Amino acid sequence: MTDNHKYDAQLRENADPHEKAEPVPWVVLLVIAGLFLWGIYYIFSSNLSYDSTVGDNRIAADFKAPEGAEGGKIDGHQLFVAQCAACHQATGAGIPGVFPPLVGSEWVLRKPEVLVQILLHGITGEITVKGNKYNGAMPEFREKFNDAEMAAVVNYLRTELGDNSADPVDEAFVKAEREKTADKTDHWNGDADLAPMEQ
Ligand code: HEC
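Residues numbered from 1 in each chain as written. Predicted model: local features only at pLDDT ≥ 70, side-chain atom pairs only at ≥ 80, totals over all residues. Heavy atoms only, no water.

A.B. asks: I tried to follow the nonpolar core on my own but got confused; where do I start?
C.D. replies: Where a protein is soluble and globular, its nonpolar side chains tend to be buried together. F80, W107, I118, I127, L157, L161 and L194 are the most contacted members of the largest nonpolar core, which totals 32 residues. At the level of secondary structure, the elements contributing two or more residues to this core comprise α3 (76-83), α5 (106-109), α6 (112-121), β2 (127-129) and α7 (147-159). If we ignore the near neighbours within four places in the chain, the residues touching W107 are V114, L115, I118, I127, T128, V129, D191, L194, A195 and E198. (Core = buried A, V, L, I, M, F, W, Y, C linked by side-chain atoms within 4.5 Å. Buried < 20%, exposed > 50% of the residue type's maximum accessible area, 1.4 Å probe, protein only. Helix = DSSP H or I, 4+ residues; strand = E, 2+ residues; numbered from the N terminus. Contact = heavy atoms within 4.5 Å.)

A.B. asks: Whenever I open this one, the packing of aromatic side chains confuses me. Can you help?
C.D. replies: Centre distance and the angle of the planes are the two values used to describe a pair of aromatic rings. Scanning the model with the defined rule gives three aromatic pairs in all. Summarising the aromatic geometry, the rings of F80 and Y156 are spaced 5.3 Å apart at their centres and angled 40 degrees between planes, so their arrangement reads as tilted. Placement of F80 in helix α3 and of Y156 in helix α7 is noted, with a sequence separation of 76 residues between them. Judged by its relative accessible area of 0%, F80 falls in the buried class. Assessed through its relative accessible area of 8%, Y156 is described here as buried. On the basis of an interplanar angle of 15 degrees and a centroid distance of 5.2 Å, the ring pair of F141 and F145 is categorised as stacked. (Phe/Tyr/Trp six-rings, centres within 6.5 Å; stacked < 30°, edge-to-face > 60°.)

Written out as structure tokens, the structure is:
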């Protein structure tokens, strides 16, 4: 009976843990050996004598427009859509009584000097466009646009918008206009300031 008790107690015990020695499955060894051999084969079979300088080594400066390029690669249409179309509309037709048209406008098509001055300094006060009077406010763009951007917008207005067709300008032209009125900080006063400039 005592023997029996002892036997029960032994049955309740778990066996002592022991460290198992599980061998790595031979399939895995085979795969590793295969990769190893393939690696050696790859090194010897590939042509490693490529010029280490191949690849795209161009830097930002390589994409710069050449010195003196007219308006560079700047997209005047894109600038017009972003900066002007909200008021003058995407077609450049304006909104009657509120925003004057740019298509067929004498301010756009006559002297480019005046158009550049309008963009540099903006307008307030009464201005007559295609026989209609407007009295709103046109913001200035002298800080928003650099010379190249300003030239691109001016050329878009003069040569591409609607059926507008007038001579284009270049960056140097805008630069010269900017210098002429470098001290000006207020808007042009509509017809009163701008009409004499067309003379
Ligand atoms: C916030 C609205 C607004 C924006 C933006 C605007 N304009 Fe104007 N623009 C006007 C108003 C208003 C007038 C008329 C000013 C007045 O009545 O004194 C005007 C007048 C003009 C004129 C002279 C009149 C004419 O129709 O030819 C030109 C040229 C012009 N804008 C070009 C532009 C260009 C180019 C841009 C973008 C770079 C631009 N405007 C952005 C509101 C705007």
